Amino acid sequence: MSAKLLVLWDIDHTLVDTRGVGRELWAQAFEEVTGRPMRQQARIDGSTEPVILRETLELHGLQDTRGQFERFAEALGTAHVRRTAELRERGHALPGAPSLLAALAARDGVVQTVVTGNIRAAAEVKLAVFGLDRHLDLTIGAFGEDADGRPELVRTALKRAQVLPAQAVLLGDTPADVRGALDGGVRVIGVATGRTNADELRTAGATTVVEDLSNTTQMLELLTR
């Protein structure tokens, strides 16, 4: 791939906010696969679906297997498709995300994709609902099915895009996003639109942090300098 710059996007709380719908769909898939209602969910910030499922199963005294995850992933993807209209109604793209993705897509040599803990089916729905998928090449993205950890996801995306770490930049809202990028040798911009504030993102290692994506001119300068 002839990309001068590969932009790697986290999804939840960086590009979109599902306003609680995502957790409802997760609980629905969990109960469908295990036969038990979800009493509590493991910590999700910056984690990946396989890890969240494994830890949530442990909280309920249930064992984790690869087959269990595969059944869960299928149920979760189906749930997202069925409730697309509700996602659109209750959720939203975060301020500046649509215009920034469009502006980057118009730049020669810039390729955008995602590095996300979401399973691919859920990620595709979330992005399509808010019209963000048109600017992203998801064939080179990395998803929850690909690895348990963020560093492995970053390396997977770099390999699929056939670019060096120095050619990439990752944007994410959690310390896990920051550490995953740095572990993969990738420049990172922390986006304080999730549950982690700017100071916490800097403490995690992000030398560049923004409050949100709303200033398109500023973001373009940061990304393409």
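Residues numbered from 1 in each chain as written. Predicted model: local features only at pLDDT ≥ 70, side-chain atom pairs only at ≥ 80, totals over all residues. Heavy atoms only, no water.

### Examining the nonpolar core
In step 1: Val7, Trp9, Leu15, Leu171 and Leu213 are the most contacted members of the largest nonpolar core, which has 51 residues in total.
In step 2: With sequence-adjacent residues up to four places away left out, tryptophan 9 is seen in contact with Thr14, Leu15, Leu100, Leu101, Leu104, Gln112, Thr113, Val114, Val115, Leu136, Leu171 and Leu213.
In step 3: Counting 26 residues, the second-largest nonpolar core is a separate cluster that includes Leu8, Leu153, Leu158 and Ala192. (Core = buried A, V, L, I, M, F, W, Y, C linked by side-chain atoms within 4.5 Å. Buried < 20%, exposed > 50% of the residue type's maximum accessible area, 1.4 Å probe, protein only. Contact = heavy atoms within 4.5 Å.)

### Here we look at the sheet that holds strand β1 (residues 5-9)
In step 1: The strand order β4-β1-β5-β6-β7 describes an open sheet built from five strands, whose pairing is parallel. Both edges of this open sheet fall to β4 (110-114) and β7 (208-210), since each of them pairs with a single strand only. In this sheet, neighbouring strand axes are inclined to one another by 20 degrees on average, regardless of whether the strands run parallel or antiparallel. (Pairing = 2+ DSSP bridges. Helix = DSSP H or I, 4+ residues; strand = E, 2+ residues; numbered from the N terminus. Axes fitted to C-alpha atoms, helices over the stretch in contact; angles between N-to-C directions.)

### A look at the packing of aromatic side chains
In step 1: Counting across every chain of the model gives two aromatic pairs.
In step 2: Look at tryptophan 26 and phenylalanine 30: their rings are 6.2 Å apart centre to centre, the planes differ by 15 degrees, and that puts the pair in the stacked class. A residue pair is termed a helical-turn pair when its members lie 3 or 4 positions apart in one helix, as tryptophan 26 and phenylalanine 30 do in helix α1 (residues 21-34) at four residues.
In step 3: On the basis of relative accessibility, which here comes to 0%, the residue phenylalanine 30 falls in the buried class. (Phe/Tyr/Trp six-rings, centres within 6.5 Å; stacked < 30°, edge-to-face > 60°.)

### Examining the side chain of arginine 150
In step 1: Its location among the elements puts arginine 150 in helix α7 (residues 150-161).
In step 2: On the basis of relative accessibility, which here comes to 9%, the residue arginine 150 falls in the buried class.
In step 3: A distance of 3.3 Å separates the side chain of arginine 150 from the backbone oxygen of valine 115, its partner in a polar contact.
In step 4: Engagement of the side chain of arginine 150 in a polar contact is seen with the side chain of aspartate 177, the distance being 2.9 Å.
In step 5: With residues near it in sequence (within four places) discarded, arginine 150 still touches Asp10, Gly46, Ser47, Val115, Thr116, Gly117, Ala176, Asp177 and Gly180. (Polar contact = N/O pair within 3.5 Å; in protein donor to acceptor, adjacent residues only side chain to side chain.)

### Some points on the pattern of salt bridges
In step 1: Here the structure, examined in full by the defined rule, presents 14 salt bridges.
In step 2: With its nearest N and O atoms 2.9 Å apart, the salt bridge here joins arginine 150 to aspartate 177. Taken as a pair, arginine 150 in helix α7 and aspartate 177 in helix α8 (residues 175-183) lie far apart in primary sequence, 27 residues in all.
In step 3: Exposure remark for aspartate 177: the relative accessible area of 2% places this residue in the buried category.
In step 4: The network of salt bridges with shared partners includes Glu24, Arg83, Glu86 and Arg90. (Salt bridge = Lys/Arg side-chain N within 4 Å of Asp/Glu carboxyl O.)

### A word on α1
In step 1: Taking 1.5 Å of rise per residue, the 14 residues of α1 would be expected to cover 20 Å, and the 20 Å separating its terminal C-alpha atoms lies within 8% of that figure.
In step 2: For α1, every residue scored as buried is listed here: Val21, Gly22, Leu25, Trp26, Ala27, Ala29 and Phe30.
In step 3: Elements that come into contact with the buried residues of α1 comprise α2 (49-59), α3 (66-82) and α4 (84-90).
In step 4: Downstream of α1 by a residue or two, glycine 35 has a phi angle that is positive, lying close to 80 degrees. (Expected span 1.5 Å × (residues − 1).)

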